[in-house]
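In case you want the letters, here they are:
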Amino acid sequence: MKLVFAGTPEVAVPALDALISSGRHQVAAVVTRPDAPAGRGRRLVASPVAERAMEAGIEVLRPLKPREPEFLERLREIGPDCCPVVAYGALLPRVALDVPVHGWVNLHFSLLPAWRGAAPVQHSIMAGDEITGASTFLIEEGLDSGPVYGTVTEEIRPTDTSGDLLTRLAFAGAGLLAATMDGIEDGTLKAVPQPGEGITLAPKITVEDAKVEWSAPALRVDRVVRGCTPAPGAWTVFRGERLKLIQVTPVPERTDLGPAEIAVGKNSVHVGTGSYAVELLWVQAQGKKPMRAADWARGVRIGAGETLGA
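Criteria and thresholds
Here the residue numbers are simple positions, counted from 1 along each chain's written sequence. In view of the model being predicted, local features appear only for residues whose pLDDT reaches at least 70, and side-chain atom pairs are presented and counted only at 80 or more, with totals across whole chains, interfaces and linings using the full set of residues. Side-chain metrics rest on all non-hydrogen atoms present in the structure, leaving aside hydrogens and water. At least two DSSP bridges between two strands are required for those strands to pair. Secondary structure counts use DSSP, requiring at least four H or I residues in a row for a helix and at least two E residues in a row for a strand, with both numbered from the N terminus. For helices, the axis comes from a line fit to the C-alpha atoms of the stretch in contact; other axes are also lines fit to C-alpha atoms, and the angle between any two N-to-C directions lies between 0 and 180 degrees. In this analysis, two residues are considered to be in contact whenever any of their non-hydrogen atoms come within 4.5 Å of each other. UniProt positions are given in the numbering used here, feature names are shortened, and annotations may be inferred rather than shown by experiment. Any pair of Phe, Tyr and Trp rings, taking the six-membered ring for Trp, is counted once the centres come within 6.5 Å. Such a pair is stacked with planes under 30 degrees apart, edge-to-face with planes over 60 apart, and tilted for the rest. With a 1.4 Å probe rolled over the protein chains alone, any residue whose accessible area is under 20% of its type maximum counts as buried; one over 50% counts as exposed, and the rest are partly exposed. In this analysis the charged atom, NZ for Lys or CZ for Arg, is taken to sit over a ring once it is within 6 Å of the ring centre and within 35 degrees of the ring normal. In this text, buried Ala, Val, Leu, Ile, Met, Phe, Trp, Tyr and Cys residues form a nonpolar core when linked through side-chain atoms within 4.5 Å.

Enquirer: Lay out the sheet that holds strand 6 (residues 83-86) with the relevant residues and their values.
Expert: Taken in spatial order, the 7 strands line up as 5-2-1-6-7-8-9 in an open sheet, and their pairing is mixed. Each end of this open sheet is capped by a strand with a single partner; those strands are strand 5 (59-61) and strand 9 (148-155). Here the strands of the sheet are splayed against their neighbours by 20 degrees on average, with no regard to which way each runs. Sheet strands in contact with helix 2 (residues 48-55) are strand 1 (2-7), strand 2 (26-31) and strand 5, and its direction is about 155 degrees off that of strand 5. Packing of helix 6 (residues 162-186) onto the sheet brings it into contact with strand 1, strand 6, strand 7 (104-108), strand 8 (131-138) and strand 9, and relative to strand 9 it is tilted by some 155 degrees.

See below:
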């Protein structure tokens, strides 16, 4: 089939690579978000998908909004059979959805209908799920509600951050998306409507969502830190300034600390929660680089009875 691939961040690049190297389909163009300012100089930088497409000599379309007449006209000129999508980042209007014969097929990083929305991986970790995966589905105008072509499953490991899990899903999902294109092309794959039960939503994680509540159980604290790493980054407050929490680990044997109470050992920093303690492993103070929590504690000289949080 002739394909127009839509995607923007690094997590979409493995799927684009899989389609380029499949040898079965032609990636005629890529649709991505416009170049965005980045770095201290705030110079405009192309998206990772745009960079990869340019390396491969593929036309790059960067509409501000996918309802722009110029974009729609070019899309019709290309005449794609199907438009595979991975984390494109813009809402597709009906007038664009109707252009390809086989529609727009999205690779979504959850087992639909679970975790529909912008942050499925973060929410699956924060909810304590043991299994997640990726799904390919036909895009409709509803939120991730279209019929599903296929899925792959992935175990959530006890120490997985959302970054770890998303990286694995990006590569597993790339193979799923390529196989989905094959099945659509040869007519062996039909989309199946999603069940009406088991729907959960995964809205974007805000900075406020990433604030650690020390009255919560230790397992919840650990899941919030892992689910919000690397972005937006879990955090708390120490002496009135924000402290980023990069890695913690539950310590079930330590139950003598009240919520948010800090205990500094020779090479350890424990903090009480609503159940048992967690050990801070890596933190980042405001304006500083990431460091081991024990080194941070020695530098700030934590006094007896000090706590984290407001």
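After that view of the structure, there is still more to cover.
Enquirer: Describe the UniProt feature "domain: Formyl transferase C-terminal" (unreviewed entry) in the protein chain, and please don't skip the residues or the numbers.
Expert: Per the UniProt annotation, the sites labelled "domain: Formyl transferase C-terminal" (unreviewed entry) are residues 204-300. End-to-end, the C-alpha atoms of residues 204-300 are 34 Å apart, and along that stretch the chain is 19% helix and 34% strand.

Enquirer: Pulling in residues and values, what's your account of the packing of aromatic side chains?
Expert: Here the structure, examined in full by the defined rule, presents 1 aromatic pair. Note on Phe-238 and Trp-296: the rings are 5.1 Å apart at their centroids and 75 degrees apart in plane angle, and the pair reads as edge-to-face. Of the two residues, Phe-238 is situated in strand 10 (residues 234-238) and Trp-296 in helix 8 (residues 293-300); the sequence distance between them amounts to 58 residues. Side by side, Phe-238 and Trp-296 carry an identical accessibility label, which is buried. Between Arg-242 and the ring centre of Trp-235, over which it is positioned, the NZ or CZ distance is 3.8 Å.

Enquirer: Account for the nonpolar core, naming residues and giving values.
Expert: Note on soluble globular proteins: their nonpolar side chains tend to be buried together. Within the largest apolar cluster, 37 residues are counted, with the highest numbers of intra-cluster contacts made by Phe-5, Leu-19, Val-30, Val-86, Phe-109, Leu-177 and Met-181. Within the residue set of this core, elements represented by two or more residues are strand 1, helix 1 (13-21), strand 2, helix 2, strand 7, helix 5 (120-126) and helix 6. Sorting elements by how many residues they give to this core places helix 6 first, with 9 residues. Ignoring any residue separated from it by four or fewer positions in sequence, one finds Val-86 in contact with Phe-5, Ala-6, Gly-7, Thr-8, Val-11, Ala-12, Ala-15, Asn-106, Leu-107, Phe-109 and Leu-177. Among the nonpolar cores identified, the runner-up in size contains 31 residues, and Ala-210, Trp-235, Ala-260 and Leu-308 belong to it.

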